[in-house]
Amino acid sequence: MANRLLDVKNLEVAYGDVGALWGVSIHVDPGTIVAIVGANGAGKTTLLKTISGLLKPRRGEVLLAGVPLAGKAPEEIAGMGIAHVPEGRGLFRQMTVLENLELGAFQPKVRKHFKQSLEKAYVLFPRLKERAGQKAGSLSGGEQQMLAIARATMSDPSLLILDEPSLGLSPIVVQQMFALIETLHKQGVTILLVEQNIHQALKVADYGFVLKTGELAMQGTGAELIADPEIQKAYMGVLEVQ
Amino acid sequence: MQAIPPPEILLQLSLNGALGGAMYGVAAVGLSLIFGTMRLIFLAQGAMIILAAYFVRALFYGLGIDPFLSLLIVVPVGLGVGWLVYQGLFRRAAAEEDRNISLLIAVGLMFLVQNLMTVVWGGNTAAVVTSYTASGIEILGVRTSFTRSMGFLIALAGTGLVVLFLRKTLVGKAVRAASEDMEAATLMGISPHRVNAIAFAIGIALAGAAGVAVATTFPFNPFAGFIFSLKALVALALGGIGNVAGALAGGIILGLIEAYVQYFISGGWTNAIAYGVFLAVLMFKPEGLFSRPYKKA
Amino acid sequence: MLKQAVPKQAWMWIAIAVVAALALLPLLPGAIDSYAFSFLFFVFIYAIMAQGWNLVAGFGGQISLGNHAFFGLGAYTTAILWSGNYLWGSLYDAYPRIYYFDPVTMVLGGLVAAVAAIIIGLPLLSKLRGDYFALGTLGFGEIVKVMFINGGDFTGGAFGVVAPAGTFDTLLPHYLVGLGLMVGVALAIRLLMRSRYGLALIAVRDDEMAASANGIDVLRVKVAAFAGSAFIAGIAGSLYTYYIFHVGPDSVFDLDWMLLPLMMTVVGGTGTLLGPILGAFVMYAVFDLARIVVPDYHPVISGLTIILAMLFLPKGLMRSFGGRVRVV
Ligand SMILES: Nc1ncnc2c1ncn2[C@@H]1O[C@H](COP(=O)(O)OP(=O)(O)O)[C@@H](O)[C@H]1O
Ligand SMILES: [Mg+2]
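Counting starts from 1 at the beginning of each chain's written sequence and moves along it residue by residue. Labels are handed out in written order, letters beginning with A for the chains and numbers beginning with 1 for the ligands. Predicted model: local features are reported for residues with pLDDT of at least 70 only, side-chain atom pairs are reported and counted for 80 or more only, and whole-chain, interface and lining totals are derived from all residues. Based on all heavy atoms of the structure, the side-chain values leave hydrogens and waters out of the count.

**Description of the environment of Leu 216 of chain A**
Here Leu 216 of chain A is to be found in strand β10 (residues 215-221). Sequence separation of Leu 216 of chain A and Gly 43 of chain A is 173 residues, and the distance between their C-alpha atoms is 9.8 Å. A helix here means a DSSP run of H or I that spans at least four residues, while a strand means a run of E at least two residues long, and both kinds are numbered starting from the N terminus.

**Topic: helix α8 (residues 172-194) of chain C**
Expected span, for any helix, means 1.5 Å times one less than how many residues it has. A rise of 1.5 Å per residue sets the reference length of α8 of chain C, with its 23 residues, at 33 Å; its end C-alpha atoms lie 33 Å apart and thus fit the reference within 8%. Among the residues of α8 of chain C, those classed as buried are Pro 173, His 174, Tyr 175, Gly 178, Leu 179, Met 182, Val 185, Ala 186, Ile 189 and Met 193 of chain C. Throughout this description, buried means an accessible area under 20% of the type-specific maximum (1.4 Å probe, protein chains only), exposed means over 50%, and partly exposed covers the range between.

**Regarding the interface of chain C and chain B**
At the junction of the two partners, chain C supplies 42 residues and chain B supplies 40 residues. In the analysis that follows, any N or O atom pair within 3.5 Å is treated as a polar contact, provided that within protein one partner can donate a hydrogen and the other can accept it, and provided that, for residues neighboring in sequence, both atoms belong to side chains. Between chain C and chain B we count 1 residue pair in polar contact (both at pLDDT 80 or more) in total. Only α5 (103-127), α6 (131-149), α13 (256-268) and α15 (298-312) of chain C provide two or more residues apiece to the side of chain C that touches chain B. In terms of residues, the side of chain C that touches chain B owes the most to one element, α6 of chain C, which gives 12 residues. Each residue is assigned to one class: nonpolar for Ala, Val, Leu, Ile, Met, Phe, Trp, Tyr, Cys and Pro, charged for Asp, Glu, Lys and Arg, and polar for all the others, Gly among them. Its residues assigned to classes, the side of chain C that touches chain B comprises 31 nonpolar, 5 polar and 6 charged. Note on contacts: a residue pair qualifies if any of its non-hydrogen atoms lie within 4.5 Å across the two residues.

**Looking at the pattern of salt bridges**
The term salt bridge refers to a pairing of a side-chain nitrogen on Lys or Arg with a carboxyl oxygen on Asp or Glu at a separation within 4 Å. For the structure on display, the rule yields 15 salt bridges over all chains. A salt bridge links Lys 49 of chain A to Glu 183 of chain B; the shortest N-O distance between them is 3.7 Å. Of the two residues, Lys 49 of chain A sits in helix α1 (residues 44-51) while Glu 183 of chain B sits in helix α7 (residues 182-187), which places them in two different chains. For Lys 49 of chain A, a relative accessible area of 23% gives the class partly exposed. Here Asp 250 of chain C makes a salt bridge to Lys 145 of chain C, at a shortest N to O gap of 3.4 Å. Pair noted here: Asp 250 of chain C is in helix α12 (residues 249-252) and Lys 145 of chain C is in helix α6, with a separation of 105 residues, a long-range link. The class for Asp 250 of chain C is exposed, based on a relative accessible area of 53%. Salt bridges here are not isolated pairs; linked through shared partners, they connect Arg 127, Glu 130, Arg 131 and Glu 143 of chain A.

**Quick look at the coordination of the magnesium ion (ligand 2)**
Because water is not among the atoms used, a metal site may look incomplete, as its donors are only the N, O and S atoms within 2.8 Å, or 3.2 Å for Na, K and Ca. The coordination sphere of the magnesium ion (ligand 2) contains the protein donors Thr 45 of chain A (OG1) and Glu 87 of chain A (OE), at a distance range of 2.0 to 2.4 Å. On the criterion of sequence distance, the pair formed by Thr 45 of chain A in helix α1 and Glu 87 of chain A in the loop between β6 (82-85) and α3 (97-104) is long-range, its members being 42 residues apart.

**Some thoughts on the pairing of strand β2 (residues 142-145) of chain B**
All names here are of chain B. Sheet analysis places strand β1 (residues 136-139) next to β2, joined by 4 bridges and oriented antiparallel. When the bridges of β2 are listed, Glu 138 appears paired with Arg 143. Linking two consecutive strands that pair antiparallel, namely β1 and β2, is a turn of 2 residues; a positive phi of about 50° is found at Leu 140 within it. Two strands make a pair as long as DSSP finds a minimum of two bridges between them.

**Describing the packing of aromatic side chains**
Here the aromatic set is Phe, Tyr and Trp, taking the six-membered ring for Trp, and pairing holds for ring centres within 6.5 Å; pairs whose planes are under 30 degrees apart are stacked, those over 60 apart are edge-to-face, and all others are tilted. For the coordinates displayed, the defined rule picks out 43 aromatic pairs over all chains. When the ring of Phe 68 of chain B is compared with that of Tyr 132 of chain B, the centres are 5.8 Å apart and the planes differ by 25°; the resulting orientation is stacked. In this pair, Phe 68 of chain B sits in the loop between α2 (45-63) and α3 (71-94) while Tyr 132 of chain B sits in the loop between α4 (100-121) and β1, placing the two residues 64 residues apart along the sequence. The class for Phe 68 of chain B is buried, based on a relative accessible area of 12%. Geometrically, the ring pair formed by Trp 82 of chain C and Phe 245 of chain C is edge-to-face, given 6.2 Å between the ring centres and 65° between the ring planes.

Right under this line is the structure:
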């Protein structure tokens, strides 16, 4: 509890009058991968958007390294070290790969180190170097997801949020994606990962939370959750068959 | 209908159409920027252009400043005014989900500016007449007006500078990013208010440049702006909403259409045909005439 | 979750009381000749226009910037039918007043506008979304205007059409028809918005994809709202013809017939039933007052009022002061 990187307490979020999250609390310790899993519509995206400031909570609070984020605009929160790769990737499709990466390092703090960050990113994502001048929208689905993650790492974030990075990718690319997540983890990046690919996600995660229709249903280490019979029954059976 | 005219006439028509259309184009570039980040149809753009024209006229007759030289004053003032207009009038509305609010503020601003001009300068037609207003120059063997040609150069230079800004500077790239996906842009740490204010500042500065071109070329009155806004919208759609260089090209195409329709059909139909082309483009090529679709993944 | 516009009970009683007072107003001695009477007549016309715009934009979420064209179409239809005596043949000679507030003529005015809306709406709404639709309707309005200017003898060109006039010397029928139409349109929209169609319209506005997934024919719902909006505008145009008699392109296709109702709706409260009416009363009063008190500056004041209203009352009067107007 001492030095939590992210602490979300009793979060309650609504779209207009319609509630989407009720009293959700999660936490992320520095250097770990934390997975949030749950069925479609459980509220995972809503939770992530509230953390990065895109949605305002009705109740509850979000603390980043002990600092409350209440009332902060998303661009301020980004400046405080949270990099959020949204569902659907949020690439600037009309802009080139290189331009996307430059915008990843838009914040004045990290702008100075752009050259080094870019080199680092190219080492991790060599394909992007080859395609630097191409429009982001012209990349394949897997490359686009890599670009979205690479762009997020350009700001050297203290917390990297990934919303369903494996969505719509072929199984081989999904494997590469999870390998990449582990590589980033080894480099010391703290990751908050949302996935419907529950088995994979819990396998790489140090800790996991299960969301069910807007409420926290369960939590535990990745291994505990994978072994939980209820989770196996409710989620993984279906997914293994796919 | 006329018979096929001799080539000199065609060339003359094309040249005049293109030169005049560039003014719609430069207005459209401003609209394009503002629409890009704010999703706002800034209907007051035309009124701002006419306001700038009156300002240029006042500088000329009041202080003896040459209209083209006054660009050095009008453009920086436009930048400042645009910034202030955003901060004072649109900042709050930009945060609202309901975009009618911004649209109506633009309409209110249009009413306000038009009528303030009427109060200050009267409703009659005004013009700026200099020693070179009537002089002509020869381009491609065709004689055309010197001021129109200058207007064209202003449009070209203004658009060129904007394109350079958008392509070469990080802030410019942030504006483009915000135009494409504001939410994703904020996740990069880009402030919506900052890019909106920049778009407004540049948009009104371009209105200032267009005002110089208008003041030196046409007689104008306080209410001429609205039709200018409409024409700029047509140019915007022709060029592809969000495509800045396309907006200038769209304006030039609109100018050509108008010149040809006027000559071959009749002056009374120019507007209908221009808007007809506009509707057709919106329906069949909403991404504009110049978009090159890339292979989708 | 669907939201339906149903005024709170209290609002309904206030509305009924106001309508009753307005209906009884002509009984007041001197009222008919007073300025208030023609003032109210214009309020009614604007309220009808605002209601029409609110149907497509407020409830339907499709911003039309072409409703002045439908107003003009209704006005021209009425003037042309009347001046050419296309409807009533020899009956016209027997009853020279037959075209006055003739329901057939007025409905035809609305229908012509509605048909135009369907013709333009089908391609526009199937292809264009949001702002593109708004721009398209703006272009459409300009095209219609130019077509009428170039319409030759049939439309009277740049001068327009003059309806044979002179049989009424009081505004009483105008007033009563205007009031009746304003109330009738509001009641019709209230019924409509409580019907299955109304629910479908709101569903389309709030989430088109979800609506379509639930089996709603999105295009049909939108085009119907657009046509309904045009019909209402056409009727308003028809009503205006009985007041102005001379229908010309610059008067009935004036953009103010689109901008002012739009503004009134937003000031009153978009997507509410009483908002357009309230907005028409308040805004027309402000404009008119400015016109009388500071004649030279009145359009300046109008512009300023719009800006101030949007800055400080962006949700409109109904939503700011009307309590919970929308019931979930
Ligand atoms: N923009 C929105 N407006 C209204 N309701 C929404 C919106 N986005 C999501 N919801 C609702 O909130 C709930 C949670 O959605 P979401 O957070 O996207 O779930 P997940 O990411 O787990 O699939 C769902 O019931 C969804 O329908
Ligand atoms: Mg999601």
